[in-house]
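Commentary on secondary and tertiary structure
What follows is each chain in one-letter form.
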Amino acid sequence: SELFINLMLIPEFRDLVIARFKEVKDDLIQSINNTLNDALLYEDSYNRNYDKFKLLGTKVGIESKEIYSLRKWKEHVEYLRNWINNRINWLDEHFS
């Protein structure tokens with residue numbers, strides 16, 4: 001957002017954001033991985049949902065072709081896991 005961009009131009013604010021990110025980063029990664037791993041416990045249920053409603057491989061909103069072309073629910077989970085990990089790595093590099 002424009003507000004966040006402008007706030008990040010203030011060195012004191014930027015330092016607080018960087019400090020907070022470094023403080024919570026490991027817990028954040030662990031929490032995300034736990035959530036995505038827990039989701040895999042319900043894989044059969046999710047697959048039945050997608051089989052019934054034929055949503056996989058179908059554009060249903062503003063998602064990119066890269067997302068709606070995924071044909072399996074598990075591919076969506078891995079896509080999300082990779083995207084989040086890439087974003088955290090980017091933040092880590094950006095805040096170093």
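Model, not experiment: these values are computed from the prediction.

The helix and strand inventory of the protein stands at five helices and zero strands. Beginning at the N terminus, the succession of helices and strands in the protein can be written as α-α-α-α-α. Counting the 96 residues in the protein, one finds 18% classified as buried. Roughly 7500 Å² of accessible area belongs to the protein as shown, and the carbon and sulfur atoms make up 55% of that amount. Between the mean site of the 14 positive side-chain charges and the mean site of the 16 negative ones, the protein shows a separation of 8 Å.

On to the side chain of Arg81, then. Secondary-structure assignment places Arg81 in helix H5 (residues 73–94). In this structure Arg81 touches Asn33, Leu36, Asn37 and Leu40, once residues within four positions along its chain are discounted.

Once that is clear, we can look at the confidence of the model for the protein. Per-chain confidence: the protein averages 91 in pLDDT, with 100% of residues scoring 70 or above. Within the protein, no element has a lower average pLDDT than helix H4 (residues 65–68), which sits at 88, and none a higher one than helix H1 (residues 2–7), at 96.

What follows is about the packing of aromatic side chains. Counted by the stated rule, this structure contains four aromatic pairs. An angle of 70 degrees between the planes, with centres 5.5 Å apart, marks the rings of Phe21 and Phe95 as edge-to-face. Pair noted here: Phe21 is in helix H2 (residues 11–40) and Phe95 is in the segment after H5, with a separation of 74 residues, a long-range link. Exposure remark for Phe95: the relative accessible area of 8% places this residue in the buried category.

As for its position among the elements, Glu63 is in the loop between helix H3 (43–53) and H4. Look at Glu63: it is buried, it has no salt bridge, and the nearest opposite charge is Lys59 at 5.3 Å. Engagement of the side chain of Glu63 in a polar contact is seen with the backbone nitrogen of Val60, the distance being 2.8 Å. In contact with Glu63, not counting residues within four places along its chain, are Thr58 and Tyr68.

Basis of the calculations
- Residues numbered from 1 in each chain as written.
- Predicted model: local features only at pLDDT ≥ 70, side-chain atom pairs only at ≥ 80, totals over all residues.
- Heavy atoms only, no water.
- Helix = DSSP H or I, 4+ residues; strand = E, 2+ residues; numbered from the N terminus.
- Buried < 20%, exposed > 50% of the residue type's maximum accessible area, 1.4 Å probe, protein only.
- Areas by Shrake-Rupley, 256 points an atom, 1.4 Å probe, with all protein chains shown as cover.
- Lys, Arg positive; Asp, Glu negative; His and termini not counted.
- Charge placed at Lys NZ, Arg CZ, Asp CG, Glu CD.
- Contact = heavy atoms within 4.5 Å.
- pLDDT = per-residue confidence, 0-100.
- Phe/Tyr/Trp six-rings, centres within 6.5 Å; stacked < 30°, edge-to-face > 60°.
- Salt bridge = Lys/Arg side-chain N within 4 Å of Asp/Glu carboxyl O.
- Polar contact = N/O pair within 3.5 Å; in protein donor to acceptor, adjacent residues only side chain to side chain.

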